[in-house]
Amino acid sequence: MPDVVAPRFSQRSQWAKDQAISFLMQQAVENRDVISLAAGLVDEASLPVIECGQAVDHLFDEAGKARQALQYGTTAGSDRLREQLRIHLARQEHCTVDELKVDTSRFVLTTGSQQLLALVADALFDPGDICLVAAPTYFVFLGVLNGVGARTIAIDTDEHGLRPEALETELARLNVAGELSKVKLIYLVSYYENPSGVSLATERRRQIVEIAKRWSRYQRLFVLEDAAYRELRYDGEERPSVWGCDDSRDTVILAQTFSKSFSPGVRVGYGVLPAELVGPVCDLKGNLDFGSANLNQHLLATVLSSSKYVPHVADVCTAYRTKRDAMLQALDREFKDLPEVTWLRPEGGLYVWLSVPDRIETGFASEMFHLAAKSHRVMYVPGELCYPSGSPRQKKNQMRLSFGVQDTAGIAEGIKRLAAAVKQRLSQN
Ligand SMILES: Cc1ncc(COP(=O)(O)O)c(C=O)c1O
């Protein structure tokens, strides 16, 4: 017997291996002079330094209030914040708090909305169960699904988001194949999708809820509406949430966050859950942390109950609108002589989705990625990561470009470098 025997890790830890997000973070750290259009971080300059400072002062100007915030909270989160969130959601839904038809017990506060997504996946999926995702989609959630051993099936989208007919067709196919009983969840990012910037068309929202209810034959087929970018709207139509189309409030799980509109460092996200899911999600969360940071929740409740939040979000949107326009203008300028390179114009969010000719692959191992990162010092997120791996719908010639972190000069320079890299790559074929 050797002195040191190798550790043996769980199946789940194997499923969670080799995450793209870790590779990207590592690349960013190792290549500091690279202009990153990959990082999904938010705009530094508009982080709410003053608003948070004032909220901390307010919270700490009375010992009783401060002690409450410094104590453990509850698993589902601070009642004070959950009450504020009902008001916040009613404002977003353009209704009264009563018309929301959910009380605070349906609100579960999490460490960013990422934790909510992971808890929902944990609560629903046994290995081999199926999640249908609007593809391309948020690649970190694809990692979560792999991590619980779920099977992920890509559903076709177009420039108006998930196609209801494609969803219907896939459900019918799974039914015929005897696999409908394994389908537990439909996942979509409803506003300014990460990565494509696309928003789900208004008329499709109700259709998708209706399809989920109609195909709930073996068990409830939930829809997870990830509304992470909802508040980052720069122009275009203000759309109702998918959650708002679920009149009985038993099918759609709404995931929202303050990371994009306020501060990701505060790590406050939340879910508005169908009644039956609250218990399982809180039980799992109890095993993890029995409550996200109570202090941060009190801080955010203080901000929301002041008059500071709404104008702050307006300022954030102004800053991002300028950056989005800078990226779109730079793309027009730098790619004007390459009509085979195309991109979508987002009405909000943080991303522009760019396609190069089919023959040019953009993945981490590709010549394109290497040329961009090593020779031209610019980085993007390869589009192929945003599809379930091996899916027949997976495209390999796309890039996600973020205008969140760079200032307008950095965006212009980043796109200039990217165009040079694409031109060099095209000249090789
Ligand atoms: C679509 C989407 N959902 C959820 C998240 C998770 O964000 P957070 O945990 O900061 O709320 C992100 C983060 O970038 C995202 O892009």
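Quick caveat, the model's predicted, so the values are computed rather than measured. (Residues numbered from 1 in each chain as written. Predicted model: local features only at pLDDT ≥ 70, side-chain atom pairs only at ≥ 80, totals over all residues. Heavy atoms only, no water.)

I'd like a description of the overall build of the protein, backed by residues and values.
In terms of regular secondary structure, the protein is built from 14 helices and 15 strands. Relative to a compact globule of 429 residues, whose C-alpha radius of gyration would be 22 Å, the protein shows 22 Å and is just as compact. C-alpha atoms of the protein, sized along the principal axes, occupy 65 × 65 × 55 Å. Buried residues in the protein amount to 55% of all 429 residues. Contacts in the protein between residues at least 24 apart in sequence constitute 75% of all its contacts with a sequence separation of at least 6. (Helix = DSSP H or I, 4+ residues; strand = E, 2+ residues; numbered from the N terminus. Rg over C-alpha atoms; globule rule 2.2 N^0.38 Å. Buried < 20%, exposed > 50% of the residue type's maximum accessible area, 1.4 Å probe, protein only. Contact = heavy atoms within 4.5 Å.)

Go over the site of the ligand, please, and point to the residues and values.
If you check the shell around the ligand, you find 13 residues, and the closest are Asp226, Tyr229, Thr257, Ser259 and Arg267. Gln114 has a polar backbone atom sitting 3.0 Å from an oxygen atom of the ligand. Asp226 places a side-chain nitrogen or oxygen 2.6 Å from a nitrogen atom of the ligand. For the ligand, whose free accessible area comes to 400 Å², the fraction covered by protein is 91%. (Near = heavy atom within 4 Å. Polar contact = N/O pair within 3.5 Å; in protein donor to acceptor, adjacent residues only side chain to side chain. Areas by Shrake-Rupley, 256 points an atom, 1.4 Å probe, with all protein chains shown as cover.)

I'd like to hear about the environment of Met327, residue by residue, with values.
Within the element layout of this structure, Met327 appears in helix H12 (residues 309-334). Taking the relative accessible area as the measure of exposure, Met327 reaches 0% and is therefore buried. Separated by 86 residues in the primary sequence, Met327 and Glu413 place their C-alpha atoms 9.9 Å from one another. Discounting chain neighbours no more than four positions away, the residues touching Met327 are Leu37, Val352, Leu401, Ser402, Phe403, Ile411 and Ile415.

An account of the sheet that holds strand E15 (residues 398-402) is needed here, citing residue identities and associated values.
Within the open sheet, the four strands sit side by side as E11-E12-E15-E14. Their pairing is antiparallel. Edge positions in the open sheet fall to strand E11 (342-343) and strand E14 (381-382), since each of these has one partner strand only. Of the pairings in the sheet, the one linking E11 to strand E12 (residues 351-355) comprises two bridges and is antiparallel in character. Within the sheet, the bridge partner assigned to Trp343 lies in E12 and is Leu354. Relative to E12, H12 is tilted by about 20 degrees, and along the sheet it contacts E11, E12 and E15. (Pairing = 2+ DSSP bridges. Axes fitted to C-alpha atoms, helices over the stretch in contact; angles between N-to-C directions.)

Please set out the pattern of salt bridges residue by residue, giving values where relevant.
It is possible for side chains bearing opposite charge to pair when their charged atoms get close. If you walk through the whole model with that rule in mind, you get 31 salt bridges. Ionic pairing is found between Arg82 and Asp79, a salt bridge with its closest N-O pair at 2.9 Å. Here the residue Arg82 and the residue Asp79 both occupy positions in helix H5 (residues 79-93), the gap between them amounting to three residues, near one helical turn. For Arg82, a relative accessible area of 9% translates into the label buried. (Salt bridge = Lys/Arg side-chain N within 4 Å of Asp/Glu carboxyl O.)

I'd like a rundown of the domain arrangement of the protein, residues and numbers included.
Many authors give the size of an interface as the accessible area that is lost as the parts come together. On domain assignment, one finds that the protein holds domain 1 (19-47 + 311-428) and domain 2 (50-306). Each of domain 1 and domain 2 has a C-alpha centre, and these two points are 26 Å apart. Listed per partner, the contact involves 31 residues of domain 1 and 35 residues of domain 2. Across the domain 1 to domain 2 interface the summed buried area is about 2,700 Å²; carbon plus sulfur atoms make up 63%. Across the contact surface, domain 1 and domain 2 share two salt bridges. Taking the shortest distance from any N to any O, the salt bridge between Arg324 and Asp235 comes out at 2.9 Å. Here domain 1 and domain 2 share eleven residue pairs in polar contact (both at pLDDT 80 or more) between them. Residue assignment for the side of domain 1 that touches domain 2 shows that the elements contributing at least two residues are helix H2 (20-30), H12 and E12. Looking at which element gives the most residues to the side of domain 1 that touches domain 2, the answer is H12, with seven residues. (Domains from an automatic or database assignment. Buried area = accessible area lost by both parts, 1.4 Å probe.)

A description of H5 should follow, citing residues and the corresponding values.
For H5, spanning 15 residues, the distance from its first C-alpha to its last is 21 Å, which sits close to the expected 21 Å at 1.5 Å a residue. Leu81, Arg82, Gln84, Leu85, Arg86, His88, Leu89, Ala90, Gln92 and Glu93 are the residues of H5 that are buried. Those residues of H5 hidden inside the fold are in contact with strand E2 (107-111), strand E9 (252-257), strand E10 (268-272), helix H11 (294-305) and H12. The N-terminus of H5 is capped by Ser78, whose side-chain oxygen sits 3.2 Å from the backbone nitrogen of Arg80. Following H5 by one or two positions, His94 has its phi on the positive side, about 55 degrees. (Expected span 1.5 Å × (residues − 1).)

Outline the environment of Gln406, supporting the account with residue identities and numerical values.
When you line up the elements, Gln406 lands in the loop between E15 and helix H14 (408-428). According to the relative accessible area criterion, Gln406 is buried, its value standing at 17%. Distance from Gln406 to Asp43, taken between C-alpha atoms, is 7.4 Å for residues 363 residues apart in sequence. Setting aside residues up to four positions removed in sequence, Gln406 forms contacts with Ile35, Ser36, Leu37, Lys323 and Ile411. A polar contact is formed between the side chain of Gln406 and the backbone oxygen of Ser36, at a distance of 3.2 Å.

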